Amino acid sequence: MVELWSTSMVKKIKENDNDLMDKIVSLCKRRGFIFPGSEIYGGMAGIYDYGPVGAELKRNIKEAWRWEMFRRHEHIYEVDSSILMQRKVWEASGHTSAGFTDPLQECKLCHHRFRADHLAEAGVKQCPDCGGPLTEAKKFNLLVETHLGPVQDESSLTYLRGETTQGIYVNYANVKTATRASLPFGIGQVGKAFRNEITPGHFTYRLREFEQMEQQYFVHPDDAPKYFPYWKKERMRWYLELGINKANLRFRPHEKGELAHYAKAAEDIEYKFPFGWHEIEGIHNRGDWDLSRHSQFSGQDLSETDPKTGKKFYPYVIETSAGADRLALAFLIDAYTEIAGGRTTTTKSIKETEVVLKFDKRIAPFKIAVLPLSKKEQLTTIGQEIAANLRAQWMTDYDETQSIGKRYRRQDEIGTPYCVTVDFESLEDKAVTVRERDTMEQERIKIGELGGYFKEKLNRIK
Ligand code: GAP
């Protein structure tokens, strides 16, 4: 499937896609997951904003990743480095040269620009927009340029980081000294990255501003063949534990000619998107490229001494590199479930198709929604008090508008695992009904016992 940034091609692509992406995009807007960036000014290619539930969804994914890296694994340390770094960093890393480019072709008539590899893949030889002749492919650098300071000239030129990884290498020596870490150990971080993608597309799949969750595991070169498969296995386990359907995940090794400028070996974890199998995470053996280059360019020796042989060497890096936005999209698609004919037994909605986002509880934006059966003060007072108590521990929504059937559906559509209903019986028995999202099973729980009940349901770590 090609990704082209032109209306005619987008239309063509859409005709080929099934309509699942349209449904996801519309749900994201309607329910507050994802909005087009600067929408009131007509939007911006490759830029999206996260709404109230989307921001929570993405944060939960990043937190699940941080938990996995910094708490489940030992000897992986976190940094939060700057987006702006010295220009020399990007020269050392190879990003300013041919390594960080995509092939670009431009139409000689309408001057629209396209990814040459995408055109070739689709067998397109002339401009997809006007049919005009195309230029030869040339290398287009993806770094986003900026100027720092009051003078805008060559000397103030720098870049918004093209990957979070480089912020880890520039802090390698500092982290090692501060933590007294010795090989093997890891450094990870979550943060924004920017790429001037020629053809952003497929909603939030290919963006110009996005977030990465990257970890560099530093090892003795002899240990690289052991740790590359180790991290492949660990990362795949993480996706499966968070409930992604196994049939929608696969590994894809990179061909020799496809390897990034720094990589000795690379495999992608791919997800089966409605527009085809595509990368969500890369696992790379970066060899000693980065530490040796930064030693050379900075003049600071980042090598290690082998305790057995006394010889100097640069540690190899096994990198795991995932994108939070791509993962959020994959989690949304994977969780999306349509129930034809509906499952809610209230009269009006009985025949409509219902949508449930079957997120893992850790990923779900809201964990609980409190829904008083009626707007009568007797019930809303209890409902608000329950919500306030639960909110202290878990993201809890409170909703007293519309019919209870519609409110359940609203919560199902944003993937809330539990709904708590306060009814008139609650006034007598001091209990509420808890409804589970996927099974729709209902349990009567004493109000005073709700905290313990949800602790058991939501805080248990697998
Ligand atoms: N440090 C290595 C690196 O950046 P990459 O394969 O270019 O490797 C890693 O990117 C991950 O970052 C991808 O698997 C993807 O999840 C995410 N990513 C890369 N470019 C992206 C883009 N334009 N939009 C959204 N996510 C992107």
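All chains use their own residue numbering, which begins from 1 and follows the written sequence. Given that the model is predicted, a residue must reach a pLDDT of at least 70 before its local features are reported, and side-chain atom pairs must reach 80 or more before they are shown or counted; all residues, however, enter totals for whole chains, interfaces and linings. Values shown for side chains rest on all heavy atoms present in the structure; no hydrogens or waters enter the calculation.

### Considering helix 12 (residues 404-414)
Move 1: Among the eleven residues in helix 12, nine count as buried, and that is most of the element.
Move 2: Burial status follows relative accessibility: with a 1.4 Å probe on protein chains alone, a residue under 20% of its type maximum counts as buried, one over 50% as exposed, and anything between as partly exposed. What counts as a helix is a DSSP run of H or I of at least four residues, what counts as a strand is a run of E of at least two, and both are numbered from the N terminus. Along helix 12, the residues classified as buried are Ile-404, Gly-405, Arg-407, Tyr-408, Arg-409, Gln-411, Asp-412, Glu-413 and Ile-414.
Move 3: At the C-terminal side of helix 12, Gly-415 shows a positive phi close to 80 degrees.

### Concerning the sheet that holds strand 9 (residues 185-194)
Move 1: In short, DSSP must find at least two bridges between two strands for them to pair. The strand order across the open sheet formed by seven strands is 3-9-10-16-13-12-11, and the pairing between neighbours is mixed. Edge positions in the sheet fall to strand 3 (76-78) and strand 11 (249-253), since each has one partner strand and no second. Between one strand axis and the next, the sheet turns by 25 degrees as a mean value, whatever way the strands run.
Move 2: Across six bridges, the pairing between strand 13 (residues 276-287) and strand 16 (residues 316-323) is antiparallel. Its bridge partner being in strand 16, Ile-283 is matched across the sheet by Thr-320.
Move 3: Running over the sheet, helix 3 (residues 52-72) touches strand 3, strand 9, strand 10 (209-219) and strand 16 and is turned about 5 degrees from strand 10.
Move 4: Contacts are residue-level and defined by heavy atoms, with any inter-residue pair within 4.5 Å sufficient. Axis definition: a line fitted to C-alpha atoms, limited for helices to the stretch in contact. Angles are taken between N-to-C directions and run from 0 to 180 degrees. Packed on one face of the sheet, helix 7 (residues 172-179) meets strand 3, strand 9 and strand 10 and runs near 140 degrees to strand 9.

### Quick look at the state of the cysteines
Move 1: For this text, the term disulfide refers to a pair of cysteine sulfurs within 2.5 Å. One pass over the structure, following the stated rule, counts zero disulfides.
Move 2: A disulfide-free cysteine, Cys-28 has its sulfur positioned 20 Å from the sulfur of Cys-419, the nearest such atom.

### Concerning the packing of aromatic side chains
Move 1: Pairing of aromatic side chains here covers Phe, Tyr and the six-membered ring of Trp, requires ring centres within 6.5 Å, and sorts the geometry by plane angle: under 30 degrees stacked, over 60 edge-to-face, intermediate tilted. For the structure shown, the criterion picks out 20 aromatic pairs.
Move 2: Relative to Phe-273, the ring of Tyr-205 lies with its centre 5.3 Å away and its plane at 75 degrees, an arrangement referred to as edge-to-face. With Tyr-205 in the loop between strand 9 and strand 10 and Phe-273 in strand 12 (residues 265-273), the pair connects residues that are 68 residues apart, well separated along the chain.
Move 3: A residue is classified by how much of its surface remains accessible, and Phe-273, at 3% relative accessible area, is buried.
Move 4: Look at Tyr-271 and Phe-273: their rings are 5.0 Å apart centre to centre, the planes differ by 80 degrees, and that puts the pair in the edge-to-face class. Each member of the pair, Tyr-271 as well as Phe-273, is classed as buried.
Move 5: The structure contains a cluster of three or more aromatic residues connected by ring pairs, namely Tyr-77, Tyr-169, Tyr-172, Phe-185 and Phe-218.
Move 6: Sitting over a ring, as applied to charges here, requires NZ of Lys or CZ of Arg to be within 6 Å of the ring centre and within 35 degrees of the ring normal. The aromatic ring of Tyr-408 is capped on one face by Arg-435, whose charged end is 4.2 Å from the ring centroid.

### Quick look at the packing of helix 3 against helix 8 (residues 224-241)
Move 1: Viewed as axis vectors pointing N to C, helix 3 and helix 8 meet at an angle of 135 degrees, and their least axial separation amounts to 12 Å. It follows that helix 3 is oblique to helix 8 by the angle criterion. With respect to the hand of their crossing, helix 3 and helix 8 are arranged in right-handed fashion. Side by side, helix 3 and helix 8 meet where Ile-61, Ala-64, Trp-65, Glu-68, Met-69 and Arg-72 of the first sit next to Trp-231, Glu-234, Arg-235, Arg-237, Trp-238 and Glu-241 of the second.
Move 2: Gly falls in the polar group here, along with every residue not listed as nonpolar (Ala, Val, Leu, Ile, Met, Phe, Trp, Tyr, Cys, Pro) or charged (Asp, Glu, Lys, Arg). Residues belonging to the contact of helix 3 with helix 8 are distributed by class as follows: six nonpolar, no polar and six charged. Angular relationships are summarised with four words: roughly parallel below 35 degrees, roughly antiparallel beyond 145, roughly perpendicular across 65 to 115, and oblique for the angles in between. Less than a right angle of anticlockwise turn of the near helix away from the far helix marks a crossing as left-handed, whereas a clockwise turn marks it as right-handed.

### What to know about the packing of helix 3 against helix 10 (residues 324-335)
Move 1: It is the contact of helix 3 with helix 10, at a shortest axis distance of 10 Å, that shows an interaxial angle of 110 degrees. Comparing the axis directions of helix 3 and helix 10 gives the class roughly perpendicular. Counted together, Leu-57, Lys-58, Ile-61 and Lys-62 of helix 3 and Ala-324, Asp-325, Leu-327, Ala-328, Phe-331 and Leu-332 of helix 10 form the full contact between these two elements.
Move 2: Tallied by class, residues from the contact of helix 3 with helix 10 come to seven nonpolar, no polar and three charged.

### Comments concerning the nonpolar core
Move 1: With 56 residues, the main nonpolar core has Phe-33, Ile-61, Tyr-239, Phe-273, Ile-280, Leu-327 and Phe-359 as its most contacted residues.
Move 2: Tallying contributions element by element places helix 10 first for this core, with nine residues.
Move 3: Where each domain begins and ends follows an automated or database-derived domain assignment. In this structure, this core is formed jointly by two domains, domain 1 (52-86 + 154-332) and domain 2 (359-458), each of which donates at least three residues.
Move 4: The residues touching Tyr-239, leaving out its near neighbours within four places in the chain, are Ile-244, Leu-249, Ile-269, Ile-280, Glu-281, Ala-322 and Leu-327.
Move 5: By nonpolar core is meant a set of buried Ala, Val, Leu, Ile, Met, Phe, Trp, Tyr and Cys residues that side-chain atoms within 4.5 Å join together. Leu-379, Trp-394, Ile-445 and Phe-454 belong to the second largest nonpolar core, which has 19 residues in total.

### With respect to the domain arrangement of the protein
Move 1: The domain architecture assigned to the protein consists of domain 1 (52-86 + 154-332) and domain 2 (359-458).
Move 2: On the side of domain 2, ten residues touch domain 1, which itself brings ten residues to the contact.
Move 3: Taken together, both faces of the contact between domain 1 and domain 2 bury some 850 Å²; the carbon and sulfur share is 73%.
Move 4: Throughout, buried area stands for the accessible area (probe radius 1.4 Å) lost by two parts on being put together, summed over both. Interface area lost by domain 1 to domain 2 is led by Val-53, Asn-60 and Leu-242, which between them contribute 49%.
Move 5: Basic side-chain nitrogens of Lys or Arg form a salt bridge, by our definition, when they fall within 4 Å of a carboxyl oxygen of Asp or Glu. Where domain 1 meets domain 2, there are zero salt bridges.
Move 6: Polar contact criterion, stated in full: a pair of N or O atoms within 3.5 Å, where within protein one must be able to donate a hydrogen and the other to accept it, and residues adjacent in sequence count only if both atoms are side-chain atoms. If you look at where domain 1 meets domain 2, you find three residue pairs in polar contact (both at pLDDT 80 or more).
Move 7: Within the residue set of the side of domain 1 that touches domain 2, elements represented by two or more residues are helix 3 and helix 10.
Move 8: In terms of residue count, the dominant contributor to the side of domain 1 that touches domain 2 is helix 3 (six residues).

### Focus: the sheet that holds strand 4 (residues 101-106)
Move 1: Taken together, the three strands give an open sheet; going across it, the order is 5-4-6, and neighbouring strands pair in antiparallel fashion. If you trace the sheet from one side to the other, it starts and ends with strand 5 (113-115) and strand 6 (138-141), each paired once. For this sheet the average axis-to-axis angle between neighbouring strands, irrespective of direction, equals 50 degrees.
Move 2: Summarising the sheet, strand 4 and strand 6 pair through four bridges and their orientation is antiparallel.

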